[in-house]
Structure formats: structure tokens, C-alpha cells
Amino acid sequence: MIFSKHIITSPYYPQGEIMTILKTISKKYANEKLKLLSKHDELYFGQILKLTGINPKNLSNLLKELEQEKLIIKTEKGKGDTQHLKKYYKLTQIGKQILQLLNKIEQLSNHKT
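Just so it is clear, the model here is predicted, and its values are computed rather than measured.

With respect to the pattern of salt bridges
- Scanning the model with the defined rule gives 4 salt bridges in all.
- The salt bridge involving E106 is made with K35; its shortest N-O contact spans 3.1 Å. Taken together, the residues span a long stretch of sequence, with E106 in helix α6 (residues 93-110) and K35 in helix α3 (residues 30-38) at a distance of 71 residues.
- Owing to a relative accessible area of 35%, E106 belongs among the partly exposed residues under this scheme.

A closer look at the packing of α3 against α6
- In contact at an axis separation of 10 Å, α3 and α6 are set at 115° when each is read in the N-to-C sense. Where α3 crosses over α6, the two elements pack in a sense that is left-handed. For the pair α3 and α6, contact is made by N31, L34, K35 and S38 and by L99, L102, N103 and E106, respectively.
- Considering only residue class, the contact of α3 with α6 consists of 3 nonpolar, 3 polar and 2 charged.

With respect to the confidence of the model for the protein chain
- For the protein chain, the mean per-residue pLDDT works out to 83, and 81% of the residues sit at or above 70.
- This model gives residues 1-9 a pLDDT under 50, and the stretch forms 18 contacts once residues within four places in sequence are excluded.

A few points about unusual backbone geometry
- Residues other than glycine seldom take positive phi values, yet Y29 does so here, at roughly 75°.
- Structurally, Y29 can be placed in the loop between α2 (18-25) and α3.
- Note on Y29: relative accessible area 34%, which makes it partly exposed.
- Even without being a glycine, K70 presents a positive backbone phi close to 60°.
- Among the structural elements, K70 can be located in the loop between α5 (56-68) and β2 (72-77).

Rules of the game
Residues numbered from 1 in each chain as written. Predicted model: local features only at pLDDT ≥ 70, side-chain atom pairs only at ≥ 80, totals over all residues. Heavy atoms only, no water. Salt bridge = Lys/Arg side-chain N within 4 Å of Asp/Glu carboxyl O. Helix = DSSP H or I, 4+ residues; strand = E, 2+ residues; numbered from the N terminus. Buried < 20%, exposed > 50% of the residue type's maximum accessible area, 1.4 Å probe, protein only. Axes fitted to C-alpha atoms, helices over the stretch in contact; angles between N-to-C directions. Left-handed = near helix turned anticlockwise from the far one by under 90°. Contact = heavy atoms within 4.5 Å. Nonpolar A, V, L, I, M, F, W, Y, C, P; charged D, E, K, R; others polar. pLDDT = per-residue confidence, 0-100.

See the structure below:
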């Protein structure tokens, strides 16, 4: 799969902003986090932290960037008024498409002659 017309012409990404996405997904751990979220419906911050072992500040910054690029979405959930709200993250449709593209690129790079 190559960048589909849907991604390039998406209202989320006016022309020229695709480079910002590429810059974000090329960051250390970005691809790993997208893959992790693709394996789960959603994960809260502590679960991602535990599963990856990344520094909390670095993880927070990366998740913010992925959210700004609309590759993931954050929701806050809690039970009752007394429980602290947890931040949950999951892939957006665009995030799923980008991950498919990254997987395809990975496959192609593994089949070089």
C-alpha cells in the first residue's frame, strides 16, 4: 500500500503537512507504540508505560505528538467522583492506515535484493 488518496487529501492533513506526520512517526518508539495500540482496543498510560519501559516524560511527549497528528485519540475515564481519571489511548482510523503503510515499508525493506 502506498499513501492512499484518502490520507493525502484527508481534511486532517492539508497539503504539506504529511511531512510532519513522517517526522513524528520516524521518532524513536513511535512505530512501536502504534503497533502496541493496534494489538489492544485501548490502553491507559500506565499500561503503555509498563509494557514498554520507556521514560514516563518521553512517553508522554510522544503520545502528545501522536495525538496532535491525529494518529491516536485520548479519552479520560474514571469510576465515580472519587477515583482519579485515567488517560486511555487508541489508534484512530488514520493511525491504522499509517501503521499499515509502515508495515508494508518494513516488509519491502526486508525483501531487498
